[in-house]
Amino acid sequence: MAGTPDRARPGGARSRLRLSFGPHPGDRTGERAGGRTDGQGAERTGARGDGRPNGRLYGRRRTGRPTRLTAVGTGVAALVATVAVAGLDRLVFGGLGVLFGIGYLVVCFQLAVRVRFADLLAAPISGPIAFAVSLLMLGPVASSGVTAHVVALATGLALRAGWLFSGTGLAAVIVLARFVAQRRIHRAR
């Protein structure tokens, strides 16, 4: 039956199954936030009563806040983003220059803003590591060998020290401001 909507087909209506992972404090047994259950904990309707989801995902209310990065997530995000910017700069301009530096600043800013409060120190630490790995992978090397790579890395870090210190300092200042603000909020309570 091409072109026939699901409602017109016999048995075409699909019901959505929402799982409940146990009772929540303040909820009545068998019901959650105005939603009816089918007797086995599966929520059939949302809080509005019109069958749409009620804004909950696995028992937690969704908010507009961005997700926070863990320490490992911060390191992985820093490495992937910095290597990607370095690869783009090398592909477009033939070397690591201004695009790489600006990209590193943006990466450091995003890491410092998005890292969890418990893992604040990961942002200023993972940025320089990703910077050095990017230089090691995509920086110019005069000859092959371990010594040539070490010399090229040291030269690349020395030539791009302004970008490295600017990005790391930016991340450190944002992390320090977030730490002080959170401590003041905690003391006010």
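Refer to the structure above for everything that follows.
Residues numbered from 1 in each chain as written. Predicted model: local features only at pLDDT ≥ 70, side-chain atom pairs only at ≥ 80, totals over all residues. Heavy atoms only, no water.

Counting residues in each nonpolar core, the largest one holds 21 residues, and the members touching the most others are Phe100, Ala112, Ala123 and Phe131. When contributions to this core are tallied by element, the ones reaching two or more residues are α1 (71-93), α2 (98-114), α3 (122-138) and α5 (161-188). Looking at this core element by element, the count peaks at 6 residues for α2. Those residues in contact with Ala123 that lie beyond four places of it in its chain are Thr74, Leu111, Ala112, Val115, Ala171 and Val175. (Core = buried A, V, L, I, M, F, W, Y, C linked by side-chain atoms within 4.5 Å. Buried < 20%, exposed > 50% of the residue type's maximum accessible area, 1.4 Å probe, protein only. Helix = DSSP H or I, 4+ residues; strand = E, 2+ residues; numbered from the N terminus. Contact = heavy atoms within 4.5 Å.)

What the rule picks out here adds up to 3 aromatic pairs. Summarising the aromatic geometry, the rings of Phe117 and Phe179 are spaced 6.0 Å apart at their centres and angled 5° between planes, so their arrangement reads as stacked. Here Phe117 is found in the loop between α2 and α3, whereas its partner Phe179 is found in helix α5, with 62 residues between them in sequence. Note on Phe117: relative accessible area 37%, which makes it partly exposed. (Phe/Tyr/Trp six-rings, centres within 6.5 Å; stacked < 30°, edge-to-face > 60°.)

A word on the packing of α3 against α5. At a minimum axis distance of 8 Å, the contact between α3 and α5 shows a crossing angle of 165°. One finds that α3 runs roughly antiparallel with respect to α5. Crossing angle aside, the handedness with which α3 passes α5 is right-handed. Together, Ala123, Pro124, Pro128 and Phe131 of α3 and Trp163, Leu164, Thr168, Ala171, Ala172 and Val175 of α5 make up the contact between the two elements. (Axes fitted to C-alpha atoms, helices over the stretch in contact; angles between N-to-C directions. Parallel < 35°, antiparallel > 145°, perpendicular 65-115°, else oblique. Left-handed = near helix turned anticlockwise from the far one by under 90°.)

We now examine the side chain of Asp89. Here Asp89 lies in helix α1. Within the buried set, Asp89 has no salt-bridge partner at all; the shortest N-O distance to an opposite charge, 7.0 Å, is to Arg160. When neighbours within four sequence positions are excluded, Asp89 is seen to be in contact with Gly94, Gly95, Leu96, Gly97, Val98, Leu99 and Phe100. (Lys, Arg positive; Asp, Glu negative; His and termini not counted. Salt bridge = Lys/Arg side-chain N within 4 Å of Asp/Glu carboxyl O.)

The next point concerns the environment of Gly95. Mapping Gly95 onto the fold places it in the loop between α1 and α2. For the pair formed by Gly95 and Gly139, sequence separation is 44 residues and the distance between their alpha carbons is 7.3 Å. Look past the residues within four positions of Gly95 in its chain and what remains in contact with it is Asp89 and Arg90.

Next up on the list: a nonpolar patch on the surface. Judged by side-chain polarity, Leu88, Leu91, Val92, Phe93 and Leu99 come together as a nonpolar surface patch covering roughly 540 Å² of accessible area. Here the nonpolar patch gets 4 residues from one element, more than from any other, and that element is α1. (Patch = residues over 30% accessible without salt bridge, like charges linked within 9 Å, V, L, I, M, F, W, Y side chains within 5 Å. Areas by Shrake-Rupley, 256 points an atom, 1.4 Å probe, with all protein chains shown as cover.)

Given 3.6 residues per helical turn, the α-helix brings residues three or four places apart onto the same face. Taking 1.5 Å of rise per residue, the 28 residues of α5 would be expected to cover 40 Å, and the 40 Å separating its terminal C-alpha atoms lies within 8% of that figure. The set of residues buried in α5 consists of Leu164, Gly167, Thr168, Ala171, Ile174 and Val175. Against the buried residues of α5 lie α2, α3 and α4 (146-159). (Expected span 1.5 Å × (residues − 1).)

With that out of the way, let us pick up the pattern of salt bridges. Tallied over the entire structure, the rule returns 1 salt bridge. We note a salt bridge from Asp119 to Arg116, for which the minimum N-O separation is 2.8 Å. Given the relative accessible area of 35%, Arg116 is considered partly exposed.

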